[in-house]
Amino acid sequence: MRDPILRVISAFKRLNSRDLRILNAIERGMAFHEIVPVERIASLSGMNLGVVLVHLSKLHKLGLIWRNIGPYVGYVLTTAGYDCLALNALVKAGIIEALGHKLGVGKESDVYDALSPAGSRLAVKFHRLGRISFRQTRRYRAFIGERRHISWLYQSRLAAEREYEVLNLVFAKGVHVPRPIGHNRHVVVTSLIEGIQLVRLKELPDPEGLLLSILEDIKIAYREAGVIHGDLSEYNIIVHIGDEQSYVIIDWPQWVSSIHPSSDMLLRRDIRNVLNFFRRRFGIKLDVDRVLDYVKSK
Ligand SMILES: Nc1ncnc2c1ncn2[C@@H]1O[C@H](COP(=O)(O)OP(=O)(O)O)[C@@H](O)[C@H]1O
Ligand SMILES: [Mg+2]
């Protein structure tokens, strides 16, 4: 299947400042309306209704907004429309210049490589919470109405904000994570990491060294930043084997604070996931309780 982001990019290139103003108005309207009435879009954008209708029809054809055919005519953003708003802000802020190909699809995200205006390579992560399949769409709409439109937008933005915030915290403490570069709406931009997921590596030059360094990261995040990853596993560790073996820990939006009521349980689970993997794959045996003591001690 053709990557939907290609449609987003080609739509994005065709937008002028008025189109963007209208997308912005719809986004703001969605905080108060399940479906934003056209008159409201006109008043929020400060534009004349006749002009607004012309732009709405263009945005609708580009797949950036969804039209409600109900008691009144109104619109909501599609994920593609929301993507365009975030991309526009990131381009204007001088953070990204061009979006490239897909790096990975996670449970709740799409990740692409990109270039900065200075030519460095970036990873751009679009958070996609509340994603539902095409087949389900019609049924869902009938079922829960358009509330979903607010919740995917809100949840995805919240996830990106949380992830960007924690990346800054732990990166500053020296934990091995991608360097946080920028954020807007549901999108987080970081340095691009070359390498492959730990789960796909059958051999490593120095598995003990990697394990110990990961455990030290867990400790630094916990003790110095007050943070627990919360979804740590061999899927969220990217390893690069060049002259030396290096790695980063990715995928932080579900982090919890060390004073969270479930923090002990989550810290233990993160540690157990990592230890189990290294035992199964590399035969390294460490005791969960002893590692937990190490992580929590001064
Ligand atoms: N900074 C990065 N550099 C390179 N690839 C990345 C980066 N961040 C994520 N990826 C790729 O995207 C995939 C999904 O990212 P991840 O943060 O784990 O999101 P999810 O919550 O959807 O699992 C990863 O498994 C990886 O292949
Ligand atoms: Mg992941």
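Numbers given for residues are sequential positions, taken from 1 along each chain in its written order. Written order determines the labels here, with chains lettered from A and ligands numbered from 1. Local features are withheld for residues below a pLDDT of 70 in this predicted model, meaning they are given only at 70 or higher, and side-chain atom pairs are given and counted only at 80 or more; totals for whole chains, interfaces and linings count all residues. Note that water and hydrogens are dropped before the side-chain values are worked out from all heavy atoms of the structure.

Draft legend 1. Molecular detail of the pattern of salt bridges. Here, a salt bridge means any side-chain nitrogen of Lys or Arg that lies within 4 Å of a carboxyl oxygen of Asp or Glu. By the definition in use, this model includes 14 salt bridges. With its nearest N and O atoms 3.9 Å apart, the salt bridge here joins Asp3 to Lys102. In this pair, Asp3 sits in the segment before helix 1 (4-13) while Lys102 sits in strand 4 (residues 98-105), placing the two residues 99 residues apart along the sequence. Burial classes follow relative accessibility: with a 1.4 Å probe on protein chains only, a residue under 20% of its type's maximum area counts as buried, one over 50% as exposed, and anything between as partly exposed. With relative accessibility at 18%, the residue Asp3 sits in the buried group. With a shortest N-O distance of 3.6 Å, Asp231 and Lys107 are connected by a salt bridge. Taken together, the residues Asp231 in the loop between strand 10 (227-228) and strand 11 (237-241) and Lys107 in the loop between strand 4 and strand 5 (109-115) connect sequence positions 124 residues apart. Under the relative-accessibility criterion, Lys107 is labelled exposed at 67%. Members of the salt-bridge network, linked through shared partners, are Asp3, Asp83, Lys102, Asp110 and Arg128. Strands are runs of DSSP state E lasting at least 2 residues, helices are runs of H or I lasting at least 4, and numbering of each runs from the N terminus.

Draft legend 2. Representation of the sheet that holds strand 11 in the model. Here a strand pair is declared whenever DSSP counts at least two bridges between the two strands. In spatial order, the strands read 9-11-12; together these three strands make up an open sheet with antiparallel pairing. Single-partner strands in this sheet number two, and they are strand 9 (196-197) and strand 12 (245-249). One ladder, built from two bridges, connects strand 9 with strand 11; its direction is antiparallel. Among the inter-strand pairings, Ile196 is bridged to a residue of strand 11, identified as Val239. Every residue pair with non-hydrogen atoms within 4.5 Å of one another is taken to be in contact. For helices, the fitted line uses only the C-alpha atoms of the stretch in contact; every axis is such a line through C-alpha atoms, and the angle between N-to-C directions lies from 0 to 180 degrees. Seen against the sheet, helix 8 (residues 207-224) touches strand 11 and strand 12 and runs at an angle of roughly 35 degrees to strand 12.

Worth remembering: the numbers are spatial, not functional.
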